[in-house]
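Listed below, chain by chain, are the residues.
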2 protein chains.
Amino acid sequence: MTQQDGGPVTLKTIAQEMGVSVTTVARSLKDGHKISAETIRRVRETADRMGYVRNLEGAKLRTGKTFVGMAFLGLSDEEEVGDSGSIGLLNGIHRRFAGTDYAVRAVPVSQGDQSLERMQEVVRGRLADGIILDHIELQDDRVKYLLDADFPFVAFGRAELLPDHPWFDIDNEFAAWQGTDALLRDGHRRIAMIDGDPRFTFVRQRIRGYERALRDHGLEPDPALRHHTEIAPDVARRAAGPLIDRGADAFLCVNELAFLGTRAGVRDHLGAGANRIGFSLRSGTNLANYVATRVHSSHYSRQQAGWQLADLLLSRIERSPIGACQKLVQTNLITTERPNAAF
Amino acid sequence: MTQQDGGPVTLKTIAQEMGVSVTTVARSLKDGHKISAETIRRVRETADRMGYVRNLEGAKLRTGKTFVGMAFLGLSDEEEVGDSGSIGLLNGIHRRFAGTDYAVRAVPVSQGDQSLERMQEVVRGRLADGIILDHIELQDDRVKYLLDADFPFVAFGRAELLPDHPWFDIDNEFAAWQGTDALLRDGHRRIAMIDGDPRFTFVRQRIRGYERALRDHGLEPDPALRHHTEIAPDVARRAAGPLIDRGADAFLCVNELAFLGTRAGVRDHLGAGANRIGFSLRSGTNLANYVATRVHSSHYSRQQAGWQLADLLLSRIERSPIGACQKLVQTNLITTERPNAAF
């Protein structure tokens, strides 16, 4: 942190060296707000050459900020195929924070946890500047607490029965409609749904989309074809057989874990006859490219979802209004064909 | 936190109510050390009934501890099939800490990150009582730093060229030997290895096991059959074809991601002829149960690995000697058969 003459390299010495303002240097090294790409590049090169090291501890003392974003991520306890969602989110959050002063910390949350208490510790102890949380319920008590405490946060999903709050969400109703519609176009008529607990908002939204697609094709939804439970491959695997016995000819799966489990369950139940069964899933990865099964994916990258969550959180920490910290995105339908080699 | 008479419920009032010592109550509510299961149950019931709330903030002030264990977990940037390792570790760490006063925070680390600097911030700022880290190199600079700083930590893997340090590890040499041996017993002779960067200790250990198994069967290792690279499904997929062109008849894969990618690459390259190729992998999940391919898994649960890491860290935080905070475990070989339905 020293120049050749022994003095510390500061924003000011860099600005003097380059003949630009301290603000220009500060912004170029931070978020690049309103600074040209060329200037950012030149400032960063100069800072590197001069041996500048940002004094984050000083900034913490000056601003009272922690420069930590904390992500409370719901983990499934299963160890069948690993989790295909949380790591993608975490990667995306990490990517958005890279190059900012913020560090990300993930707090695992499992079912039955006292996650509200953990969150209260963070807010009361000012252990972070903002919080990301997922697995949102209709009247989520954590969202309610964070709103009441006026603490910056972004929810991955909407607490529909609570006041307006910052959120990022995938259009779950559309995604379920899209996946169901694709199976109906393939000629399937008895589409089973393997999904999560309806206490989560996203599951309610998915049921609406699934039922709408069926009605759009002149079919009445059969509640006996819906299976709501913990989202885990082994659970989905056990659910598949009984649903086939009730006449299911295709499955709409909530994510990759449910899909892999359901597919194995169909194979367990039907053996060589399994090929007549259709599959669609909501996906956040490209897993469907690695299995030899025709499958419709309603896809939105989990990494991109994490990036968006972190981006909105940074805005919210800067006190952007709630309405500017809400974003809904739609999934794309990707159909992967079954390769000629059954393998 | 009040009794019916208005006074606070403390360890002492619970002890008085039950006619036991304060130590018995404290241990029953904490880790249950040397207390019978029945007593633990009775103390916890009484504490609940009396409305006891543990005052962790007080403990933090008294002890100077943070009651945070921080896990620096290497994440792959890939978004092909999600990560099958880190979430399992995190789940296991979370499980071990559940019921203790410790909270876990995960810090994502990606390649090229300044993870040493992030760690220095945690140590200097006393943001945690201990650290777990993975992706250990032979002369890991983070392990060296933590040893020098005398900060409690446990490494998932061994920095072989550094002084003795706390670690948990899977016997990687044995696992690779086991997986290679299983393929040789199946009659394969040209076994390709798809593995990580040899700068990581575990990769060096795996190469030793792989080569030893070949020599045990009278075969000389062919370096042209080893592919070392970033561990990602798309990378493994592209690597498979050229290795088959060099005569590979089986693949030893470093983990689930490499296996799924390699399997897809074999299918891309050989089509219907893919069935003659053998597979083995080191696994931390039960993924092999969900694919219709015969595969040998050298298995050790990632959740169990996380649990062990957290368990050793708790010992190390309590200043157990380094030698008592080292543990090596072996994988079990699990062979899953290809079901009769190719699907």
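Structure shown above.
My aim in this report is to walk through the structure given alongside it, one point at a time.

Reading the values: the criteria
- Residues numbered from 1 in each chain as written.
- Chains lettered and ligands numbered in written order.
- Predicted model: local features only at pLDDT ≥ 70, side-chain atom pairs only at ≥ 80, totals over all residues.
- Heavy atoms only, no water.
- Least-squares fit on C-alpha atoms with pLDDT ≥ 70 in both.
- Contact = heavy atoms within 4.5 Å.
- Buried area = accessible area lost by both parts, 1.4 Å probe.
- Salt bridge = Lys/Arg side-chain N within 4 Å of Asp/Glu carboxyl O.
- Polar contact = N/O pair within 3.5 Å; in protein donor to acceptor, adjacent residues only side chain to side chain.
- Helix = DSSP H or I, 4+ residues; strand = E, 2+ residues; numbered from the N terminus.
- Expected span 1.5 Å × (residues − 1).
- Buried < 20%, exposed > 50% of the residue type's maximum accessible area, 1.4 Å probe, protein only.
- Pairing = 2+ DSSP bridges.
- Axes fitted to C-alpha atoms, helices over the stretch in contact; angles between N-to-C directions.

**So, the relation of the copies chain A and chain B**
Next, step 1: Once chain A is rotated about the relating axis by 180° and shifted along it by 0.0 Å, it coincides with chain B to within an RMSD of 0.2 Å. What the superposition gives is, in effect, a two-fold axis relating one chain to the other. Considering only C-alpha atoms, the part of chain A nearest the rotation axis is A:Ala106, at 2.4 Å.
Next, step 2: Of all interface residues in chain A, 100% are interface residues in chain B too; the two copies therefore contact each other through one and the same surface.

**Brief notes about the interface of chain A and chain B**
Next, step 1: On the side of chain B, 61 residues touch chain A, which itself brings 61 residues to the contact.
Next, step 2: Of the roughly 5,100 Å² buried where chain A meets chain B, counting both sides, 53% is carbon and sulfur surface.
Next, step 3: There are zero salt bridges connecting chain A and chain B.
Next, step 4: Our count for the contact surface shared by chain A and chain B stands at eleven residue pairs in polar contact (both at pLDDT 80 or more).
Next, step 5: Counting residues per element, the ones that place at least two in the side of chain A that touches chain B are α4 (56-63), α5 (86-97), β2 (103-109), α6 (115-124), α10 (233-245) and α11 (256-270) of chain A.
Next, step 6: Counting residues per element, the side of chain A that touches chain B draws most heavily on β2(A), at seven residues.

**A short note on the environment of B:Phe259**
All names here are of chain B.
Next, step 1: Relative to the helices and strands, Phe259 resides in helix α11 (residues 256-270).
Next, step 2: In the structure, Phe259 is positioned 251 residues away from Pro8 in sequence and 58 Å away in space, judged by C-alpha atoms.
Next, step 3: Excluding residues that lie within four positions of it along the chain, Phe259 makes contacts with Cys253, Phe279, Leu281, Leu287, Val291 and Val295.

**So, helix α5 (residues 86-97) of chain B**
All names here are of chain B.
Next, step 1: In this model, α5 (twelve residues) spans 17 Å end to end at C-alpha, consistent with the 16 Å of a helix rising 1.5 Å per residue.
Next, step 2: With ten of twelve residues buried, α5 is to be regarded as a mostly interior element.
Next, step 3: Within α5, burial applies to Ser86, Ile87, Gly88, Leu89, Leu90, Asn91, Gly92, Ile93, His94 and Phe97.
Next, step 4: Phi for Gly99, located one or two positions after α5, is positive at around 90°.

**Focus on the side chain of A:Ser28**
Residue and element names in this part refer to chain A.
Next, step 1: Within the secondary structure, Ser28 sits in helix α2 (residues 22-29).
Next, step 2: Among the residues examined, Ser28 registers a relative accessible area of 0% and is labelled buried.
Next, step 3: Sequence-distant contacts of Ser28, that is, excluding residues within four places in its chain, are made with Ile35, Thr39, Ile40, Val43 and Arg44.

**Focus on the side chain of A:Arg206**
Residue and element names in this part refer to chain A.
Next, step 1: Mapped onto the fold, Arg206 is located in helix α9 (residues 201-216).
Next, step 2: Among the residues examined, Arg206 registers a relative accessible area of 1% and is labelled buried.
Next, step 3: Sequence-distant contacts of Arg206, that is, excluding residues within four places in its chain, are made with Asn172, Ala176, Met193, Asp195, Leu252, Cys253, Val254 and Arg282.

**A look at the environment of B:Val109**
Next, step 1: Counting through the fold element by element, B:Val109 comes out in strand β2 (residues 103-109).
Next, step 2: As a C-alpha pair, B:Val109 and B:Asp164 span 55 residues in sequence and 24 Å in three-dimensional space.

**Concerning the sheet that holds strand β6 (residues 191-195) of chain A**
Hydrogen bonding along the main chain pairs the strands of a sheet, whether they run parallel or antiparallel.
Residue and element names in this part refer to chain A.
Next, step 1: The six strands lie next to each other as β7-β6-β8-β9-β10-β12, forming an open sheet whose pairing is mixed. Two strands in the sheet have a free side with no partner beyond their single neighbour: β7 (226-228) and β12 (332-336). Taken pair by pair, the neighbouring strands of this sheet meet at an average axis angle of 15°, ignoring direction.
Next, step 2: Taken together, the four bridges between β6 and strand β8 (residues 250-253) define a ladder with parallel strand orientation. Looking at the pairing, Ile194 lines up with Cys253 of β8.
Next, step 3: Against the sheet, helix α8 (residues 172-185) engages β6, β8, β9 (278-283), β10 (295-299) and β12, with an angle of about 160° to β9.

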